[in-house]
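Remarks on the overall topology
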Amino acid sequence: MSLSDALLQRVAEQYGTPTYIYDLEAIGRALGRLRRALPEARIHYAVKANPNGAVLRHLAAAGVGAEVITLGELRRALAAGIPAKRVLLGGPGQDTALIHQALGCGVRQVSLDSLSQWRLWQAEDPQVGFLVRLNPALDPRTHEHLATGAASSKFGMPLEEAGQLAEELAARGQLLGFHVHAGSQIGELAVYEQILAQLAELYQQFPAGLLDIGGGFAVPNFPLAEFATRLRDFIRRYDLQLVLEPGRYLVAEAGFLLTRVVQVKAGPVNHVIADAGMADLLRPALYGALHPIRLIGVTETDRPLVMVDIDGPLCENADRLGRARTLPSPRRGDLLLVEQAGAYGFTMASNYASSLRPAEVAVRDGGLILARRRETVEDLLRLEDA
Ligand SMILES: *Cc1c(COP(=O)(O)O)cnc(C)c1O
């Protein structure tokens, strides 16, 4: 089920463009699918995928925990009503300041990315349980930028080192289990098979209790049923509590970027210039991500189909939303809807070229809520006046 053209036109009238729109019910449906597939799993939403307060509050109300890597994410999760005991702190950049802040906020579950990070925590001697993050050193068969589980990536520890750290933690009674997050947009079960084979070696040595298999579930078309069967098998064998850290899976399809056509340029390549581009949605420029894009309120019977590039308004060749798309001849003033934009959309938006970051609107029970107002030039200048 997607949002009606009438509703999208209302968003454009009331809030202008470009605007992100989040369908909270769609987030609930994605969560429902995960929970039905793996009812025994604990779910920690990866806040970086979409940290908007309306989204976080909706997930908090549904009983979801959080995976955070910065003080900002931690404070947002707490502000949205996710209790500290359901927050897992991860990331390769934990320093003493963040450690103190996290302890002060009541965080008691931490994923350790390296031995040196453990030494910092050890110096605090905290009452914290730790997960050891394994680098499975595999080809996660996704885009290079998303391949967090490759041997060359900065994340986690190789099997042997993970085992050594686990031994030290277990001796102190502070080992919760192991953590793997092998990448994002993983669509092949074979990747998880390889990970589970390595994890089996660790869980045979350490009866650790918890398995955090990370997130990375591809959108669309993640083989959820097969994944669930395989994981259930594994956690039963080793008597484990399963933790999932979905980001994209929960929010990608629930989010849309509404943008208006500002110019149309015919030529060897037809260019449609939209009022949103890489400053608003970076994924096409950064990863070559493909987002479905459609015209609002115009059908194929209304106008002849043409092939167009959909570009942003900035002076930068990577500034585009989509290439070689077939649409009913877009005209100036038309509304375009960029779909599957709820994850890594606004959260990666920038003020590049002094762009103003878009408004964010949430749809709940058919009504519209302004979840974050559009930035103004005053917002841009404010921090420089200090
Ligand atoms: C980014 C991240 C996630 C979520 O990834 P998705 O692809 O959005 O599901 C989960 N865990 C960790 C450690 C991450 O860095």
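Quick note: structure is the one above.
Described in the following lines is the structure provided in the data block. (Residues numbered from 1 in each chain as written. Predicted model: local features only at pLDDT ≥ 70, side-chain atom pairs only at ≥ 80, totals over all residues. Heavy atoms only, no water.)

Some remarks on the site of the ligand
Selection rule: Put simply, a residue is near a molecule or strand once any heavy atom of it comes within 4 Å of that molecule or strand. Residues are grouped as follows: Ala, Val, Leu, Ile, Met, Phe, Trp, Tyr, Cys and Pro are nonpolar; Asp, Glu, Lys and Arg are charged; every other residue, Gly included, is polar.
Taken together, 14 residues lie around the ligand, and Lys48, Ser184, Glu245, Arg248 and Tyr344 are the ones closest in. Looking at side-chain class alone, the shell around the ligand contains three nonpolar, six polar and five charged residues.

Some points on the side chain of Arg325
The cut-off we apply is this: Runs of E in the DSSP output that reach at least two residues are strands. Runs of H or I that reach at least four are helices, and both are numbered from the N terminus. Burial classes: relative accessible area under 20% of the type maximum marks a residue as buried, over 50% as exposed, and values in between as partly exposed (1.4 Å probe, protein chains only). Think of it this way: Lys and Arg go in the positive column, Asp and Glu in the negative one, and His and the chain ends go nowhere. The salt bridge criterion pairs a side-chain nitrogen of Lys or Arg with a carboxyl oxygen of Asp or Glu, the two atoms within 4 Å. Under this definition, polar contacts are N or O atom pairs within 3.5 Å; protein pairs additionally need one hydrogen-donor-capable and one acceptor-capable atom, and for neighbouring residues in sequence, both atoms have to be side-chain atoms. Pairs of residues are marked as contacts when any of their non-hydrogen atoms sit within 4.5 Å.
Of note, Arg325 is situated in strand β14 (residues 320–328). Lacking a salt bridge, the buried Arg325 has Asp309 as its closest oppositely charged neighbour, with an N-O distance of 7.6 Å. A polar contact of 2.7 Å, which involves the side chain of Arg325, links it to the backbone oxygen of His291. Once you skip the residues sitting within four places of it in the chain, Arg325 turns out to touch Leu290, His291, Pro292, Ile293, Val306, Met307, Val308 and Ile310.

Comments concerning a nonpolar patch on the surface
Using the following cut-off: Patch construction takes residues with relative accessible area above 30% that form no salt bridge. Like charges are linked within 9 Å, and nonpolar side chains (Val, Leu, Ile, Met, Phe, Trp, Tyr) are linked within 5 Å. Calculation of accessible area relied on Shrake-Rupley with a 1.4 Å probe; when residues are assessed, cover is drawn exclusively from the protein chains displayed.
Where nonpolar side chains cluster on the molecular surface, the patch consists of Leu356, Val377 and Leu381 and spans about 230 Å² of accessible area. Positionally, Leu356 belongs in the loop between β15 (335–338) and β16 (359–364). Leu356 sits in the partly exposed class, given a relative accessible area of 30%.

A few points about the pairing of strand β17 (residues 367–372)
Heads up, the condition is: Think of it this way: DSSP has to see at least two bridges between two strands before they count as a pair.
Looking at chain direction, β16 and β17 are connected through five bridges and run antiparallel. Its bridge partner lying in β17, Arg364 is registered against Gly367. Counting the residues between successive antiparallel strands, the hairpin from β16 to β17 contains two residues, one of them, Asp365, with a positive phi of roughly 50 degrees.

So, the nonpolar core
The condition that has to hold: To form a nonpolar core, buried Ala, Val, Leu, Ile, Met, Phe, Trp, Tyr and Cys residues must be joined to one another through side-chain atoms within 4.5 Å.
In terms of nonpolar packing, the biggest core is built from 103 residues, with Tyr45, Trp121, Leu199, Leu211, Ile213 and Phe227 touching the most fellow members. Of all the elements, helix α8 (residues 189–205) adds the most residues to this core, at eight residues. When near neighbours in sequence (up to four residues on either side) are disregarded, Leu199 contacts Leu134, Phe178, Val180, Leu211, Ile213 and Phe234. Core analysis: the second largest hydrophobic core is formed by 14 residues, Leu7, Ala12, Ile296 and Leu337 among them.

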